[in-house]
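# Close look at the chain arrangement
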Amino acid sequence: MEKERKPKNIFVQGPISPEKIAQSIANHAIKTDIGGHSIFLGQIRADEKPEGKVIAIDYTAYEEMALEKAFEIREAIFAKYPLTCMHIYHSLGEIKVGEICLFVFTSSKHRKAAMEACDELVERIKAELPVWGREILDTEGHVWKVNT
Amino acid sequence: MEKERKPKNIFVQGPISPEKIAQSIANHAIKTDIGGHSIFLGQIRADEKPEGKVIAIDYTAYEEMALEKAFEIREAIFAKYPLTCMHIYHSLGEIKVGEICLFVFTSSKHRKAAMEACDELVERIKAELPVWGREILDTEGHVWKVNT
Amino acid sequence: MPDVIQIKAFGMIAEAIGSDSLEIENPGTSLALKKQLEAQFPGLKSMKFSLAVDKKMIQEDTDISQGKEIALLPPFSGG
Amino acid sequence: MPDVIQIKAFGMIAEAIGSDSLEIENPGTSLALKKQLEAQFPGLKSMKFSLAVDKKMIQEDTDISQGKEIALLPPFSGG
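Every chain's residues receive numbers from 1 upward, in the order its sequence appears when written. Here every chain gets a letter starting at A, and every ligand a number starting at 1, in the order they are written. At least 70 in pLDDT is required for a residue's local features to be given in this predicted model, at least 80 for side-chain atom pairs to be given and counted, and no such filter applies to totals for whole chains, interfaces and linings, which use all residues. By convention in this description, side-chain values take in all heavy atoms of the structure and omit both hydrogens and water.

### Digging into the overall build of chain A
Put simply, DSSP marks the helices as runs of H or I at least four residues long and the strands as runs of E at least two long, and each gets a number from the N terminus on. A count of helices and strands for chain A gives three helices and eight strands. Reading the secondary structure of chain A in the N-to-C direction produces β-α-β-β-β-α-β-β-α-β-β. As a reference, a globule follows 2.2 Å times the number of residues to the power 0.38, and the radius of gyration itself is taken over C-alpha atoms. Taken over the C-alpha trace, chain A has a radius of gyration of 16 Å; the compact-globule value for 148 residues is 15 Å, and the two agree within 12%. The principal-axis extent of the C-alpha atoms belonging to chain A is close to 50 × 30 × 25 Å. Two residues qualify as a contact provided that any one of their heavy atoms is within 4.5 Å of a heavy atom in the partner residue. For chain A, long-range pairs separated by at least 24 residues make up 77% of all intrachain contacts whose partners lie at least 6 apart in sequence. Note on areas: Shrake-Rupley with a 1.4 Å probe; residue coverage comes only from the protein chains shown. If you sum the accessible surface of chain A, you get close to 6100 Å²; carbon and sulfur atoms cover 52% of it. This count recognises Lys and Arg as positive and Asp and Glu as negative, with His and chain-terminal groups excluded. In plain terms, the charge of a residue is placed at NZ if it is Lys, CZ if Arg, CG if Asp and CD if Glu. Each charge sign in chain A was given a centre, from 20 positive and 23 negative side chains, and these centres are 7 Å apart.

What follows is the structure, encoded as structure tokens:
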């Protein structure tokens, strides 16, 4: 199986559907050197803020820079862990509470590499990609999301 | 949201389908206190053994004991991490290469708890559940799976 | 009336014994049971397995009373 | 012909400026640019943001030559 090392778009308009996740999993059935898949999903939470309750997050990005950075992160993670596959999808636009906005998917022969790579990818995506979430409140105001 | 703390069956006859995984993810959209899901999937690998190539694994279990143990593990992980949900599914019977035999799914408000709980669950499931894999070879022989 | 116990066997132990269950006269303790099984099925001598009594793995020599559920468990390989 | 640069703005910085792009006379360096923006948009003084030049975050004061792509980036909050 070849590692997919060409730069590719990670952005998806709107929420990531469970069906898309299922399709992505199903696509790996032919890769019979895979023993473990690790998946992380980010879901929009109905947080209570002093200004109101979050009902959605509107994501924007500096897309060209984010794709360059995502490619750099991808290369670094492939160099560090013996992975078979790696997929990253991040939503843009308005994503409602309960919907999925981030889908990170790593696969490897043995489970440890997939798990560790997935954790590290999620940390790096949150810290290093120029993406911003505007939390839309039920009071019709908004606050800017802060990553901790 | 209530933690689901009643003993439940973790065993599934045959492979775990991507559609089942999608359905399980979709079921969590109503739980708007969830911010992150961590999923591990075990997939059957076409390992080359001295005796032949693996084409399937036939899983059997001491089911009553495994369910008691799974419940004990579940309680311990719920006590250790602030999780919203936890799901464990393990296949029984013959699972072909490329098919999924283990589905572990944890959800929490913040990502770290889901990720760490998922990793620990997978380790404990592999080490502590009385389940056995008979690796069926293309030479019509078989070898017993060994967990490392 | 002899004290007979029912034993479940799994995985490669069931394969070595040729059955997933057997009935033997109760030797009284888990260590004695293990020895008796190895005498009856010499193939078991080279195989690693644990005993569970009433669905709990036992580490030390344990009395086996009638009505207990005994199981022979080779190393686990789930997942 | 004045040396004019195009600036992209994102997130709460775009909101504070009231636009996701602006054109200003090139002050020559990134530090000078930051000062000039804060003079023009006093709201920025209390906000944390970084500069990217040609899609790379810059840490130190950097010369800005014509044709460079400048962006104002508030703290990231993806995921």
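### Comments concerning the sheet that holds strand 5 (residues 70-73) of chain C
Picture the strands of a sheet paired through backbone hydrogen bonds; they go either parallel or antiparallel. Residues and elements named next belong to chain C. If you trace the five strands from one edge of the open sheet to the other, you get 2-1-5-3-4, paired in mixed fashion. The two strands at the open ends of the sheet, each matched to only one other strand, are strand 2 (21-25) and strand 4 (56-57). Two strands qualify as a pair provided DSSP detects at least 2 bridges between them. Where strand 1 (residues 4-9) and strand 2 come together, five bridges link them in antiparallel fashion. Across the sheet, residue Lys8 finds its bridge partner in strand 2, namely Ser21.

### Quick look at the side chain of His90 of chain B
Its location among the elements puts His90 of chain B in strand 5 (residues 83-96). Looking at His90 of chain B, the relative accessible area reads 1%, which means it is buried. N or O atoms closer than or at 3.5 Å make up a polar contact, with two conditions inside protein: a donor-capable atom paired with an acceptor-capable one, and, for residues adjacent in sequence, both atoms drawn from side chains. Here the side chain of His90 of chain B touches Gly79 of chain C through a polar contact of 2.7 Å, landing on its backbone nitrogen. Aside from chain neighbours lying at most four places away, what touches His90 of chain B is Ile10, Phe11, Val12, Ile16, Tyr59, Cys101, Leu102 and Val131 of chain B together with Gly78 and Gly79 of chain C. Under the scheme applied here, a residue whose accessible area is under 20% of the maximum for its type counts as buried, over 50% as exposed, and between as partly exposed, the area being computed with a 1.4 Å probe on protein chains only.

### Observations concerning the relation of the copies chain A and chain B
Fitting of the copies onto one another was done by least squares over C-alpha atoms, counting residues only where both copies have pLDDT of at least 70. When chain A is brought onto chain B, the operation consists of a screw motion whose angular component is 180 degrees and whose axial shift is 0.0 Å, with 0.0 Å RMSD remaining. Both chain copies can therefore be described as sitting about a two-fold axis. Both copies contact each other with a shared surface, as 97% of the interface residues of chain A are interface residues in chain B too.

### Re the pattern of salt bridges
What makes a salt bridge here is a side-chain nitrogen of Lys or Arg within 4 Å of a carboxyl oxygen of Asp or Glu, nothing more. A full pass over the atoms with the stated rule returns 24 salt bridges over all chains. Among the ionic pairs, Glu135 of chain B bridges to Lys49 of chain B, the shortest N-O distance being 3.0 Å. Taken together, the positions of Glu135 of chain B in strand 7 (residues 131-137) and Lys49 of chain B in strand 3 (residues 48-49) put the pair 86 residues apart, joining distant regions of the chain. The class of Lys49 of chain B is partly exposed, set by a relative accessible area of 25%. Salt-bridge contacts for Lys68 of chain C lead to Asp54 of chain C; the nearest nitrogen and oxygen are separated by 3.5 Å. Remark: Asp54 of chain C occurs in the loop between strand 3 (50-53) and strand 4 and Lys68 of chain C occurs in the loop between strand 4 and strand 5; sequence separation between them is 14 residues. Residue classification places Lys68 of chain C among the partly exposed positions, given a relative accessible area of 31%. Judged by relative accessible area, Asp54 of chain C falls into the partly exposed class, the value being 33%.

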